[in-house]
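Listed below are the residues making up each chain.
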Amino acid sequence: KRNLYMIIVLTAEQPVRHEQHIINLLFENGLNMLHIRKCRFTDEEMKKYIGTIDAMHRERLALHSHHYLAAGMGIKHLHFREKDRMNNKYSGLQNDYRLSTSVHTVEDFNALGAEWTYAFLSPVFASISKRGYGMEKNVLDDLKHKNNPNVQLIGLGGIDENNFQKAYAAGADGIALLGGIWQSGDPVNSFIQCSRKGLLF
């Protein structure tokens, strides 16, 4: 089930200039999945946002909120926060959607059931977007202890074009980019660098 070089991008929670145009360019350059983290959006804002992303990419979108809009918009993937997973908010949805979740220890990752396609484990490095997060402790050295054959482990937190290969080398099945994309100055080029270097890894 190992899918080397899977690259996921998470949207910033705050608006980014030319955001949807950048997203379409990321998909054109081979982005595997985009996770939409716009929890503060109204339903109409979310529909409008999704509507500006080329419809051919709908199956590669994942919703972190507004899950009830997914079916009507052709979205097949739902993401659940750790807290919502603990509260079984995903119950009954695994037959109709691909599901992902977030964990913060490799022990929690190893305990996940086969209903989860992949899980974000963070922070791999000190966070780029959340100042101070991951400075004291990160999970990079824990990746070698993963032993869940049913779920892919996606490294998240502080990952950019200069360090992502360390996450792969430590055992991640893929990487998730957030600050490494949106705070890079050239999001599309940063993604392309990760993509190309991944092929050389």
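Within each chain, residues carry numbers counting from 1 in the order of the written sequence. Per-residue local features of the predicted model are confined to residues with pLDDT of at least 70, and side-chain atom pairs are confined, for both listing and counting, to 80 or more; whole-chain, interface and lining totals are unaffected and use all residues. Water and hydrogen atoms play no part in the side-chain values, which are based on all heavy atoms of the structure.

(A) Representation of the overall build of the protein in the model. For the protein, the helix and strand inventory stands at eight helices and eight strands. This radius of gyration counts C-alpha atoms alone. The globule rule is 2.2 Å times how many residues there are, raised to the power 0.38. For 201 residues, the compact-globule estimate of 2.2 N^0.38 gives 17 Å, and the C-alpha radius of gyration of the protein, at 16 Å, lies within 12% of that figure. Overall size of the protein, expressed as C-alpha extent along the three principal axes, is 40 × 40 × 30 Å. Note on classification: 1.4 Å probe, protein chains only; a residue is buried when its accessible area is under 20% of the maximum for its type, exposed when over 50%, partly exposed between these limits. In the protein, buried positions account for 51% of the 201 residues. Numbered from the N terminus, helices here are DSSP runs of H or I no shorter than four residues, and strands are runs of E no shorter than two.

(B) Geometry of the environment of Ile75. In this fold, Ile75 is placed in the loop between helix H3 (70–73) and strand S4 (77–80). On the accessibility criterion, Ile75 (2% relative accessible area) is buried. Sequence spacing of Ile75 and Ala169 is 94 residues, and the spatial spacing of their C-alpha atoms is 32 Å. If near-sequence neighbours (up to four positions away) are discounted, Ile75 is found in contact with Ile50, Arg58, Leu61, Leu63, Ala70 and Tyr97. Contacts: residue pairs with any heavy atoms within 4.5 Å of one another.

(C) Representation of the nonpolar core. Membership of the largest hydrophobic core comes to 63 residues, with the highest contact counts inside it found for Ile8, Val9, Leu34, Ile36, Leu177 and Phe191. Excluding residues that lie within four positions of it along the chain, Phe191 makes contacts with Ile7, Val9, Leu26, Asn29, Gly30, Leu31, Leu177 and Ile181. Here, nonpolar core means buried Ala, Val, Leu, Ile, Met, Phe, Trp, Tyr and Cys residues that are tied together by side-chain atoms lying within 4.5 Å of each other.

(D) The sheet that holds strand S5 (residues 98–103), seen in detail. Any two strands with at least two DSSP-identified bridges between them are counted as paired. Around the barrel, eight strands lie side by side as S1-S2-S3-S4-S5-S6-S7-S8; this closed barrel has parallel pairing. Mean inter-strand twist for the sheet, computed between neighbouring axes without regard to direction, equals 25°. Relative to S4, strand S3 (residues 61–63) is paired through two bridges, and the arrangement is parallel. Directly across from Ala62, in S4, lies its bridge partner His77. Note on method: axes are straight lines fitted to C-alpha atoms, helices fitted across the in-contact stretch only, with angles between N-to-C directions ranging 0 to 180 degrees.

(E) Seen up close, helix H2 (residues 43–51). Inspection of H2 places Met46, Tyr49 and Ile50 among the buried residues, and these make up the whole buried set. Taken down its axis, H2 places every buried residue within 95° of arc, on the same side. Relative to its buried face, H2 has exposed residues pointing more than 90 degrees away, namely Glu44 and Lys48. Where H2 is buried, its residues touch helix H1 (19–28), strand S2 (33–36), S3 and H3. The directions considered for the arc run from the helix axis to the C-beta atoms.

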